[in-house]
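Structural features, examined
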Amino acid sequence: MATMLLSPRPSQLDRDAFIASYGEIYEHSPWIAAQSWDTGLGEAQDTPAGLAGRLRQQVDAASPEAQLALIRAHPDLAGKAAVAGELTDDSRSEQAGAGLDQCTPAEFARFEKLNQAYRERFEFPFVIAVRGLDRHAILAAFETRLNHTPEEERRTAIEQIHRIALLRLEQRTTESRSR
């Protein structure tokens, strides 16, 4: 039976190498990886689900202020950072995979308007795991989530960030045959 293992394996890394390898799983928030390493990593964290669970614990235990800072570390979808080429490699790849780099001028304008309305309402950017979605589904989710309460939307954003982290970890695997 094949087990998907992270490459490099977290349990085999020293603190600096772990942070260098996994510090950007959560956008511009290497503190999550640092705290995860500090709790001790074993072979259970060598799989995407295992490491995602450990990283998630750090976020879920963080203060509301730290969680808000994590949400705010994310770029607007199809926003100015994307247009200016200032996204992280992961964000650029994820947004391109959803076709956000191919928006028409009218769609870019709609994203810009929704980004602004969302930031005004919630004081952080709209975050969604875009993999598997197209820009039309993302725009529909945007409009639906604008109706959430601020607390509901903070929780939704954190859940989406956890989903993004797991998807990013799943891309960093190699197959290992168990004996």
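With respect to empty space enclosed by the protein
Applying the stated criterion across every chain yields a total of one cavity of 30 Å³ or more. Forming the walls of the largest cavity are 15 residues, and the residues nearest its centre are Leu77, Ser91, Glu94, Ile128 and Ile164. Secondary structure elements with two or more residues in the lining of the largest cavity: helix 6 (89-97) and helix 9 (150-170). The residue makeup of the lining of the largest cavity, split by class, is nine nonpolar, three polar and three charged.

Points about the environment of Ala98
Note that Ala98 resides in the loop between helix 6 and helix 7 (105-122). For Ala98, a relative accessible area of 5% translates into the label buried. For the pair Ala98 and Ile138, spaced 40 residues apart in sequence, the C-alpha separation works out to 8.7 Å. Sequence-distant contacts of Ala98, that is, excluding residues within four places in its chain, are made with Val130, Leu133, Asp134, Arg135 and Ile138.

Thoughts on the packing of aromatic side chains
Inspection of every chain in the model, using the stated rule, returns eight aromatic pairs. Aromatic side chains Tyr118 and Phe122 sit 4.7 Å apart centroid to centroid with 55° between the ring planes, which places their arrangement in the tilted category. Of this pair, Tyr118 and Phe122 are both found in helix 7, four residues apart, which corresponds to roughly one turn of the helix. Comparing Tyr118 with Phe122 shows no difference in burial state: the two are buried. Aromatic side chains Tyr118 and Phe124 sit 5.9 Å apart centroid to centroid with 70° between the ring planes, which places their arrangement in the edge-to-face category. An identical accessibility class is assigned to Tyr118 and Phe124; each is buried. Members of the aromatic cluster, joined through ring pairs, are Phe111, Tyr118, Phe122, Phe124, Phe126 and Phe142.

Reading the values: the criteria
- Residues numbered from 1 in each chain as written.
- Predicted model: local features only at pLDDT ≥ 70, side-chain atom pairs only at ≥ 80, totals over all residues.
- Heavy atoms only, no water.
- 1 Å grid on protein atoms, 1.4 Å probe; cavity = no way out; pocket = protein on both sides within 12 Å on 5 of 7 lines; lining within 4 Å.
- Points joined across faces, edges and corners; volume = space filled by probe spheres on them.
- Helix = DSSP H or I, 4+ residues; strand = E, 2+ residues; numbered from the N terminus.
- Nonpolar A, V, L, I, M, F, W, Y, C, P; charged D, E, K, R; others polar.
- Buried < 20%, exposed > 50% of the residue type's maximum accessible area, 1.4 Å probe, protein only.
- Contact = heavy atoms within 4.5 Å.
- Phe/Tyr/Trp six-rings, centres within 6.5 Å; stacked < 30°, edge-to-face > 60°.

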